[in-house]
Amino acid sequence: MTKTVYEPRVKRNYVGAYRPKIDAREKTLGKVRFFQDVTLGGMFPNTIYGGILQSPYANATIVGMDTSDAEALPGVRAVLRYDDPEIRALKLTTHAWTDTAVTPFHRDTIPRFFDRVFLPGSAKHVGDQMGVAVAADSPDIVHEALKLVKIEWDVHPVFLEAEDAVSAKADDLHPGLCEEKNKIKLHGDFQDDVSFETGDIEKAKSEADVTAHTDMVYGGNVSHGTLDFRGLLIKWDSGRIDCWTNHYYTDQTRMYLHEYLDVPINRIRVVNGHCGAHMGKWNMGEDGYYIIMAFLAKRSGRPVYYRMDVHEEFHDTRNLTRFVIDLYAKNDGAITGMEIEGIGTMGGYYGPMEYNVQFIVEESAERIFAPIKNLRVRSKAYFTNRVPGGVMRGIGNLQLCWPLLQAVDIIAEKLGIDPIDVIKKNFGDMWSPYPNESLAAVLDKGAELIGWDRRRKTGEGELIDGRSKRGFGVAVWNQWHAEWQENARGRIEVAFRVNPDLSVTLISPTCETGAGGNSACVFACADNLSFLNITPEDIHWVPVNDSDLGLKDCPPTDSIVSFLMPEAMPECAAKVKDEFKRRGALMLDAEPDELDVDDAKVFVKSDPSRFVTCWSVMMDVDCVPIYAHVVRSNNKTVTGLPCGAWFAEVEVDIETGEIEVKHVVLVNDVGQVMHASGAESQQLGAQELGVGEALTEDLQYDRRTGAILNRNYLDYKMLTAADFPEISPCLMEVWKGAGKYGAAGLAEAALTGTPTAIGNAVHNAIGVRFDSLPITPKKVLDALEKKERQSGKEER
Amino acid sequence: MEKEKICFTVNGEDQVFEIGRDIESDARLSTVLREKLGLTGVRISCEQGACGACTVLLDGKSVLSCMMFAVDADGREVTTIEAFGESDPVASSFIEMAEPGYGTAMQCGFCTPGFVLEAHALLSENASPAKDEIKEALSGHICRCGCYHGIIRAVENAAEKIREVERR
């Protein structure tokens, strides 16, 4: 492993430092309170438990239901049926309501699609929460009551593949919502599924010296894998709703309850705090259970606690996306044209599949392959009876990087050019000078760290112990979430409260999910309040978000809290300083403009010997804390984006088919490192998914019933400490955004290129490409056997 | 014959439970620790023995508290994360981890107490574990944040701290 200590562009006391997380002590010693702890300690007497039927069928309708036995079971407090008039009166909902889609409907950050019915009478995938919900005195009684519900089903054939969705046999899963059966209408008015076209693709095609073709799928078979299962505790009485949850978005959850339950916003309180790593899970659409549990609470007159079980947590996945890509290039490695066909296989409900098959390609044409001028993009997406796909860490970008950077690898191989040179020649964003400085920097650094000069031509790599072949691969992508891209998120609120003893309470409301925005906020607060000699240890970051307390929270997606909130802090600190000057002026018999604050003293600029200490300003008057509050709009200056590069070294055992990832190097240009240790954790930790999805994570369907067979942590294989490869994280500050810090997100991007780099490395080792993940030993052996057969045929 | 009462120590204090009154005979140890004693450092997740979040020490050895009945702890010593403070060499190594190249030893922190206790169990048996031995010992735990490099390094540092104390 190679240790790289990054060189900060600007040396600061705390921002950018290698330091422990601010809450490392509480987390290590088990003192952090998670949602599952909310019912302990008698805080909510008379709490009962909620549960919802999970459909055993992938495609079925309830034609009759008898809940009398369940209702008669002792301990059952409320039963809510799919045919309940109050439930049926609810309008449709969408997958992303409570996530980063901000409430105004013209400013979605994620496309919404209103296809979800609260407690529906029909199931569209196995595990669909539908039919009936129960509240009872214990979880065991809930389960027993759900088992006592007698249901007559009309069961229909199951279809799991996009090509089957439009066949005559397939049911129309969402009548009236699609342009043709099960095929959704994408945004825009276009012919033959061509959603985006620039330049002259036919000319590029006809003049190409070399072409590359990939047809690959990614997604549909992986789980977010969070250990802190989703849930809520909700009370609804006297016209007031109180909701405790581990949802990572406080205010949007409140808006959701307001929208569907018609309760004034000031009578709804949502509280959240720490949340276990969720990897995007809150966007998946099951949040309908908030509304169902609210009704159970209202009818029972009791607080209702609901927490998903392990099986429910496995009923969503990364969007299953197939890309068919054709690249057209010249002999010098210049890629002159690209055709992309994106085919989305949705589950029973919409995830933001338009993002995967349409928007991501258009965005990427600006952000990462802008030099490729001739493009044609086709996009389509279909409903099936799979579990729904949706937002998962690295959304869309992973799926597109996988076939595209392998196509680039093919071009490089055909031309005998180093893939790094082909990438430098053809990649970069549309706003930055070309060739792209950030791209070149991360590629060069990564090549150095992995030892790229050890890479040999495909199949000619070193043979180790007579049975393993070594290979190297590379991938690149843009980082995401520069400040200018976050305008749809709305304004950002931050407040400092300087207490009489000069300790500071920092109110930068966000749910700490591990992304570490809270640590970056504390370090930025300390740096900006350096005139008070404040250290991070003097600052208390408020770890609980309470919608009754005022400030709107900022959701912790892609570690953006790490810089969006700190960007508001210089102004907040200036307000604190102004108030010290205003109060100090009264004590120094001077005008505020004549004063300055430094070293925890308010002094006369023209005569620094005239001063009062800040402690005295606070303590000698009235001990009223100084409260500074800022509402900041993002800096909208378009600054382009930085890049990341991923390198992998693998050894493939040609006897067992086992792939051992020997080393992953990832180099991420983030503009400004806000917390070096936290950022490295994002880089390292992302490989839990990046390497896991490449090699082991795989949801297995029963093709006949549509049931997932390994929906648990024993049979769904996530990497543990014993499986984790050597990883060398490297941070860079080459690009810079518009703000004081000018950072970009890291958490989403940190895994984008890993599976692709591994795929390219495996090809470099054994000369075989795989069109889907994970690359299992069986797939390797089958592919080697097929290759051998083909080469035998060619020889004959 | 079923016992009417069970008694075990938790973090050094005797705890007595009457079966059928205080707890049910099939109550899991994790449930009793959390709901009867308020020890929320014991985390509940998979409840299948796959994730390690509920790990506690039983007579110094790591066990999955969601996979055993509380009655089976009768007469034994249970230790949870709440028994440790920041001066503990393992805990402090997790807390302080910020060495360049290793990230931190936790992100969300949900799984962290389980790792700390597993590390304690390992180091009580093997004061100088090799890296592979550490990986093997921790392999029953899932950290979805993927902080394994920081965690392994923290265990190495803890081992060094313990050896340093013993050398004195």
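A quick note: this is a predicted structure, and the numbers were derived from the prediction, not measured. (Residues numbered from 1 in each chain as written. Chains lettered and ligands numbered in written order. Predicted model: local features only at pLDDT ≥ 70, side-chain atom pairs only at ≥ 80, totals over all residues. Heavy atoms only, no water.)

### Brief notes about the overall build of chain A
For step 1, the next point in the chain: When helices and strands are counted, chain A shows 19 helices and 30 strands.
For step 2, the next point in the chain: On C-alpha atoms alone, chain A measures out to a radius of gyration of 28 Å, which is about the 28 Å that the 2.2 N^0.38 rule sets for 796 residues.
For step 3, the next point in the chain: Taking the principal axes of the C-alpha coordinates as reference, chain A spans close to 100 × 70 × 55 Å.
For step 4, the next point in the chain: Buried residues in chain A amount to 65% of all 796 residues.
For step 5, the next point in the chain: A fraction of 79% describes how many contacts in chain A between residues 6 or more apart in sequence connect residues 24 or more apart. (Helix = DSSP H or I, 4+ residues; strand = E, 2+ residues; numbered from the N terminus. Rg over C-alpha atoms; globule rule 2.2 N^0.38 Å. Buried < 20%, exposed > 50% of the residue type's maximum accessible area, 1.4 Å probe, protein only. Contact = heavy atoms within 4.5 Å.)

### Re the sheet that holds strand β5 (residues 77–79) of chain B
Residues and elements named next belong to chain B.
For step 1, the next point in the chain: With mixed pairing, five strands are arranged side by side in an open sheet as β2-β1-β5-β3-β4. On the outer flanks of this sheet lie β2 (13–18) and β4 (61–64), each paired with one strand and no other. Neighbour-to-neighbour, the strand axes of this sheet turn through a mean angle of 40 degrees, independent of strand direction.
For step 2, the next point in the chain: Pairing of strand β3 (residues 55–58) with β4, which is carried by four bridges, proceeds in the antiparallel orientation. Considered in β4, the bridge of Leu57 is made with Ser62.
For step 3, the next point in the chain: Along the sheet, helix α3 (residues 112–125) makes contact with β3, β4 and β5, crossing β3 at roughly 35 degrees. (Pairing = 2+ DSSP bridges. Axes fitted to C-alpha atoms, helices over the stretch in contact; angles between N-to-C directions.)

### Side note on helix α4 (residues 139–148) of chain A
Residues and elements named next belong to chain A.
For step 1, the next point in the chain: Of the residues making up α4, those classed as buried are Val142, Ala145 and Leu146. Buried residues of α4, seen end-on, are gathered within an arc of 100 degrees and therefore sit on one face of the element. Across α4 from its buried face, at more than 90 degrees, point the exposed residues Asp140 and Lys147.
For step 2, the next point in the chain: At its buried positions, α4 is contacted by β1 (48–54), α2 (68–72), β3 (76–81) and β5 (129–136). (Arc of directions from axis to C-beta.)

### Describing the interface of chain A and chain B
For step 1, the next point in the chain: The interface is formed by 62 residues belonging to chain A together with 53 residues belonging to chain B.
For step 2, the next point in the chain: Between chain A and chain B the total buried area reaches about 4500 Å² when both faces are included, carbon and sulfur atoms providing 60% of it.
For step 3, the next point in the chain: Our enumeration of links across chain A and chain B arrives at four salt bridges.
For step 4, the next point in the chain: The residue Arg144 of chain B makes a salt bridge to Glu697 of chain A at a minimum N-O spacing of 2.8 Å.
For step 5, the next point in the chain: The interface formed by chain A and chain B includes 22 residue pairs in polar contact (both at pLDDT 80 or more).
For step 6, the next point in the chain: Broken down by secondary-structure element, the contributors of at least two residues to the side of chain A that touches chain B are α1 (24–28), α17 (676–695) and β30 (726–732) of chain A.
For step 7, the next point in the chain: For the side of chain A that touches chain B, the residue count by class is 30 nonpolar, 17 polar and 15 charged. (Buried area = accessible area lost by both parts, 1.4 Å probe. Salt bridge = Lys/Arg side-chain N within 4 Å of Asp/Glu carboxyl O. Polar contact = N/O pair within 3.5 Å; in protein donor to acceptor, adjacent residues only side chain to side chain. Nonpolar A, V, L, I, M, F, W, Y, C, P; charged D, E, K, R; others polar.)

### So, the layout of surface pockets
For step 1, the next point in the chain: If you add up the space inside the largest pocket, you get close to 1700 Å³.
For step 2, the next point in the chain: As for the largest pocket, its lining consists of 50 residues, of which Ser138, Pro139, Asp140 and His143 of chain A together with Glu47 of chain B are closest to the centre.
For step 3, the next point in the chain: Secondary-structure elements contributing two or more residues to the lining of the largest pocket are β1, α4 and β12 (304–307) of chain A together with α1 (29–36) of chain B.
For step 4, the next point in the chain: Here the lining of the largest pocket gets seven residues from one element, more than from any other, and that element is α4 of chain A.
For step 5, the next point in the chain: Broken down by class, the residue content of the lining of the largest pocket amounts to 19 nonpolar, 15 polar and 16 charged. (1 Å grid on protein atoms, 1.4 Å probe; cavity = no way out; pocket = protein on both sides within 12 Å on 5 of 7 lines; lining within 4 Å. Points joined across faces, edges and corners; volume = space filled by probe spheres on them.)

### A few points about the domain arrangement of chain B
Accessible area lost during the coming together of the parts is what is often quoted as the interface size.
Residue and element names in this part refer to chain B.
For step 1, the next point in the chain: In terms of domains, chain B is made up of domain 1 (5–82) and domain 2 (84–167).
For step 2, the next point in the chain: Averaged C-alpha coordinates put domain 1 and domain 2 at centres separated by 23 Å.
For step 3, the next point in the chain: Contacts between the two partners involve 18 residues from domain 1, matched on the other side by 15 residues from domain 2.
For step 4, the next point in the chain: Both faces combined, the contact of domain 1 with domain 2 buries some 1300 Å², and carbon together with sulfur accounts for 58% of it.
For step 5, the next point in the chain: A per-residue breakdown of the area domain 1 buries against domain 2 is headed by Arg43, Thr55 and Ile81, which together make up 39% of the total.
For step 6, the next point in the chain: Inspection of the domain 1/domain 2 interface yields one salt bridge. (Domains from an automatic or database assignment.)

### Overview of unusual backbone geometry
Residue and element names in this part refer to chain A.
For step 1, the next point in the chain: Following Tyr434, the chain continues to Pro435 via a peptide bond in cis, the omega torsion being 0 degrees.
For step 2, the next point in the chain: When you line up the elements, Pro435 lands in the loop between α11 (419–426) and α12 (437–450).
For step 3, the next point in the chain: The amide bond that connects Leu773 to the next residue, Pro774, takes the cis arrangement and shows omega of 0 degrees.
For step 4, the next point in the chain: With respect to the helices, strands and loops of the structure, Pro774 is situated in the loop between α18 (754–766) and α19 (777–795).
For step 5, the next point in the chain: For His481, which is not glycine, the phi torsion reads 65 degrees and is therefore positive.

### Examining empty space enclosed by the protein
Residues and elements named next belong to chain A.
For step 1, the next point in the chain: Evaluated as defined, the whole model comprises eight cavities of 30 Å³ or more.
For step 2, the next point in the chain: In this structure, the largest cavity encloses a volume near 280 Å³.
For step 3, the next point in the chain: When residues of the lining of the largest cavity are assigned to their parent elements, the largest contribution, three residues, is made by helix α8 (residues 288–300).
For step 4, the next point in the chain: Counted by class, the lining of the largest cavity contains 11 nonpolar, seven polar and four charged residues.
For step 5, the next point in the chain: In this structure, the second largest cavity occupies an estimated 180 Å³ of space.
For step 6, the next point in the chain: As for the second largest cavity, its lining consists of 18 residues, and the residues nearest its centre are Ser559, Ser562, Met674, Ala679 and Leu746.
For step 7, the next point in the chain: At the level of secondary structure, the elements contributing two or more residues to the lining of the second largest cavity comprise α14 (561–567) and α17.
For step 8, the next point in the chain: Counting residues per element, the lining of the second largest cavity draws most heavily on α17, which supplies three residues.

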